[in-house]
Amino acid sequence: MPAFLFGIAVYCVAFKRRWSERRGHIQLGVRGLVTTAQAVLTIVLVVGDVDMVHNLPLIFFLAVSAASLFVQCFGGDPRMFVVRSIPSFFTCCLMLHNAVCGRPLPWDHGFNCFYGGWVENLWFCRLLHVIDAIRYCFDGLSLVLHYLLPHRGVSETRGNEQFWYRARVRVAGVGIHLCRGFANIEILTGTPNQRSHLEITSNFVRCLLVLAAATSLHRQWLTSGTRSLPTQSATSTAGSKGFNDESSSKDDLREPLFSVTRASERCVC
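Counting restarts for each chain: residues are numbered from 1 in the order of the written sequence. This being a predicted model, a pLDDT of at least 70 is required before a residue's local features are given, and a value of 80 or more before pairs of side-chain atoms are given or counted; all residues contribute to the totals for chains, interfaces and linings. Excluding hydrogens and water, the side-chain values take into account all heavy atoms of the structure.

*Asks:* Could you clarify how one ought to interpret the pattern of salt bridges in this entry?
*Replies:* A pair can form between side chains of opposite charge whenever their charged atoms are brought close. When a carboxyl oxygen of Asp or Glu lies within 4 Å of a side-chain nitrogen of Lys or Arg, that pair is called a salt bridge. Per the counting criterion, the structure on display carries seven salt bridges. As a salt-bridge pair, Arg103 and Glu199 come within 2.4 Å of each other at their nearest N and O atoms. On the criterion of sequence distance, the pair formed by Arg103 in the loop between α4 (80-101) and α5 (106-109) and Glu199 in helix α8 (residues 197-223) is long-range, its members being 96 residues apart. Here Arg103 falls in the partly exposed class, since its relative accessible area comes to 29%. Of the charged contacts in the structure, one is a salt bridge between Asp132 and Arg135, with a shortest N-O distance of 2.9 Å. Taken as a pair, Asp132 and Arg135 lie in helix α6 (residues 123-148) at a separation of three residues, close to a single helical turn. Relative accessible area decides the class of each residue, using a 1.4 Å probe on protein chains only: under 20% of the type maximum gives buried, over 50% gives exposed, and in between gives partly exposed. The class for Asp132 is buried, based on a relative accessible area of 2%. Per the convention used, a helix needs a DSSP run of H or I reaching at least four residues, while a strand needs a run of E reaching at least two, with both numbered from the N terminus.

The following block contains the structure:
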């Protein structure tokens, strides 16, 4: 036990040092934690035997997204935008499959789809899956555009415009999960398709997690402008003008460490 506690202490010290040396925005780490919480919640659903067909691959997609967020937070690698877009597009396909086929288990029903859900009491839930698929598609497109246009909309006080768009796309998920939770209660209760209390609870918990992710994106948009970048002393400029020169000033002695053309290395991540 003492060795275990010592190992935890060493890890915490190393993590703290690594955290202080990160190259990406702090909100990337926040969203990494939120996405990890989403993955844990999905694991709980799988343990509770809730929609195994879609939740099992969803765990993998969430794990990839969380890992890419942490990698970008510590390393500042903008290629993680593309990495995160891939799970978004796959999740879009997953939602469309859920909308069209429902939840038939391959080992029970083969790969046959249950189309009757569109004419039974499941039609509203399936419509929500279609809307959710569109949301994930827009999220993936936003991530790709963020990578291709890293300086689009960047100013002294605001970050890349895709943060703003993606925050709105994410917050739409709050309404989707709210509607899904209330639909499970009001429409499906007492029917053969009744959902478990665990699944209904997870819908409302996801509302909080999605809201946290959307808030983090909006916060990063507000705080990742070029003005927030670190600065360094321009010693060469000071040496050429001289400290006693009347034309020199404090503004001449400090210049941005990253120019606007290199903003993707820090402020737009």
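*Asks:* What is the right way to read the environment of Leu178 from this model?
*Replies:* Note on placement: Leu178 falls in helix α7 (residues 161-186). Relative accessible area serves as the criterion here: at 33%, Leu178 is assigned to the partly exposed category. Considering only alpha carbons, one finds Leu178 and Ile200, 22 residues apart in sequence, at a separation of 9.7 Å. Here, two residues are considered to be in contact whenever any of their heavy atoms come within 4.5 Å of each other. Residues within four places of Leu178 in sequence aside, it is in contact with Phe204 and Cys207.

*Asks:* Would you explain helix α3 (residues 52-75) in this entry?
*Replies:* An α-helical turn contains 3.6 residues, so a residue and the one three or four places further along point in the same direction. The span one expects for a helix is its residue count, reduced by one, times 1.5 Å. Here α3 is 24 residues long and its end C-alpha atoms lie 34 Å apart, about the 34 Å a rise of 1.5 Å per residue gives. Note on α3: the residue one or two positions beyond its end, Gly76, has a positive phi of about 70 degrees.

*Asks:* Honestly, the packing of aromatic side chains in this entry has me stumped. Any pointers?
*Replies:* What describes a pair of aromatic rings is the distance from one ring centre to the other and the angle between the planes of the rings. By convention, a stacked pair of Phe, Tyr or Trp rings (six-membered ring in the case of Trp) has centres within 6.5 Å and planes under 30 degrees apart, an edge-to-face pair has planes over 60 apart, and any other such pair is tilted. For the coordinates displayed, the defined rule picks out five aromatic pairs. Aromatic pair Trp123 and Phe124: ring centres 5.7 Å apart, planes at 80 degrees, arrangement edge-to-face. Given a relative accessible area of 24%, Phe124 falls into the partly exposed group. Summarising the aromatic geometry, the rings of Phe182 and Phe204 are spaced 5.3 Å apart at their centres and angled 70 degrees between planes, so their arrangement reads as edge-to-face. Here the residue Phe182 occupies a position in helix α7, and Phe204 occupies one in helix α8, the gap between them amounting to 22 residues. Here Phe182 falls in the partly exposed class, since its relative accessible area comes to 46%. For the cation-ring pair, Arg135 lies above Tyr136, with the distance from its terminal atom to the ring centre recorded as 4.9 Å. Placement of a positive charge over a ring is assigned whenever Lys NZ or Arg CZ falls within 6 Å of the ring centre and within 35 degrees of the normal to the ring plane. In this structure, Arg158 is placed above the aromatic ring of Trp221, and the distance from its NZ or CZ to the ring centre is 5.2 Å.

Keep in mind that these numbers describe shape and distance, not what the molecule does.
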